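Residue strings, one per chain:
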Amino acid sequence: TIGDGIYLLGEPLSAKSPRLSLGGSEYLAQIHQTVAGQPPIVDYRLEKRVQAACRHGIRQGWIRSAHDCAEGGLAVAVAEACLAGDKGAQLALPQIPGGVRWDWVLFAEGGARILVSVSSRDREAWESYLQEALADAWSVLGQVTDPQRGLVLKAADGQIVLTATLEEMNDRFEGAIERAMTSPELTV
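Residues numbered from 1 in each chain as written. Predicted model: local features only at pLDDT ≥ 70, side-chain atom pairs only at ≥ 80, totals over all residues. Heavy atoms only, no water.

## With respect to the sheet that holds strand β4 (residues 113–118)
Inclusion rule: Should DSSP find at least two bridges between two strands, the strands are taken to pair. Put simply, DSSP marks the helices as runs of H or I at least four residues long and the strands as runs of E at least two long, and each gets a number from the N terminus on. To define axes, lines are fitted to C-alpha atoms, for helices over the stretch in contact only, and angles between the resulting N-to-C directions are given on a 0 to 180 degree scale. Throughout, a residue-residue contact means that at least one pair of heavy atoms, one from each residue, lies within 4.5 Å.
Read from one edge to the other, the open sheet built from seven strands follows the order β2-β4-β1-β5-β3-β6-β7, with strand pairing classed as mixed. Pairing within the sheet leaves two strands with one partner each, and these edge strands are β2 (63–68) and β7 (160–164). Across this sheet, the average inter-strand angle for adjacent strands is 20 degrees, counted without regard to direction. Its contacts with the sheet place helix α2 (residues 44–60) against β1 (5–10), β2 and β4, and it is angled at close to 20 degrees to β4. Against the sheet, helix α3 (residues 73–85) engages β2, β3 (88–92), β4, β5 (138–145) and β6 (151–154), with an angle of about 150 degrees to β3.

## Focus on the confidence of the model for the protein
Atom-level detail of predicted coordinates should not be read off regions where pLDDT is low. Spelled out, the test is: A residue's pLDDT is simply how confident the predictor is in it, with values from 0 to 100.
Across the protein, the average pLDDT comes to 90, with 93% of residues at or above 70. Of all secondary-structure elements in the protein, the lowest mean pLDDT belongs to helix α7 (residues 176–182), at 67, while helix α5 (residues 123–134) reaches the highest, 98.

## Regarding the packing of α3 against helix α6 (residues 166–174)
This is how it is decided: Angles are sorted into four bins: roughly parallel if under 35 degrees, roughly antiparallel if over 145, roughly perpendicular if 65 to 115, and oblique for all others. Gly is put with the polar residues, along with every residue not named as nonpolar or charged; the nonpolar set is Ala, Val, Leu, Ile, Met, Phe, Trp, Tyr, Cys and Pro, and the charged set is Asp, Glu, Lys and Arg.
At their nearest, the axes of α3 and α6 sit 10 Å apart, and the two run at 105 degrees to each other. By the angle between their directions, the pair α3 and α6 is classed as roughly perpendicular. On the side of α3, the interface is formed by Ala79, Glu80, Cys82 and Leu83, while α6 contributes Leu166, Met169, Asn170 and Phe173. Residue classes in the contact of α3 with α6 are distributed as six nonpolar, one polar and one charged.

## A word on the packing of aromatic side chains
As a reminder of what qualifies: Pairing of aromatic rings covers Phe, Tyr and Trp, the last counted by its six-membered ring, and requires centre-to-centre distances within 6.5 Å; plane angles under 30 degrees mean stacked, over 60 mean edge-to-face, and any other angle means tilted. Accessible area is worked out with a 1.4 Å probe on protein chains only. A residue is then buried under 20% of its type maximum, exposed over 50%, and partly exposed in between.
The final tally for this structure, using the stated rule, is six aromatic pairs. For the ring pair Tyr7 and Trp138, a centre distance of 6.2 Å and an interplane angle of 35 degrees mean the geometry is tilted. Here Tyr7 is found in strand β1, whereas its partner Trp138 is found in strand β5, with 131 residues between them in sequence. We note that Tyr7, like Trp138, is buried. Here Trp62 and Tyr129 contribute two aromatic rings whose centre-to-centre distance is 6.0 Å and whose plane-to-plane angle is 50 degrees, an arrangement assigned as tilted. With a gap of 67 residues between them, Trp62 in the loop between α2 and β2 and Tyr129 in helix α5 connect regions that are remote in the sequence. Per residue, the accessibility class of Trp62 equals that of Tyr129, and both read buried. A connected cluster of aromatic rings, assembled from ring pairs, spans Tyr7, Trp62, Trp126, Tyr129 and Trp138.

What follows is the structure, encoded as structure tokens:
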């Protein structure tokens, strides 16, 4: 629903963690035509806590939507959520530590990361629960917006990092197989 809060459960965006990686990622494969690197290290304890928090939020009726960030990272998860719900999203990304690249922030893959939306009327109860259940392993990223606004990701300084309309995202998503099959690089 428009106005719902968007939260990231698990590894925060501001953390450079071995539990997140571009190694073996969709980003590396699609953008750089490379399959290489080390996969992320799995933190089973954090995974269990994140999954439990998500399930609890669903049972309480707080969570309206949930999407993992395992394949394609944050940017792909939020784009897919926008398409699935036919809504836009505006995210305000936290201050990113020096030396951390935007491609890593947006496309790093790993477990123990779920993007959820929560009704504005339930935000106080949800955040109180998250403080107890996940401590610092969660963050508020933004809110669900009108579909005409599309997807907007802004850096901590207000600079726009990424924008896309629902039409652009849908074209890339729905036409991906056809484009791949007609690509001159495709050899049979």
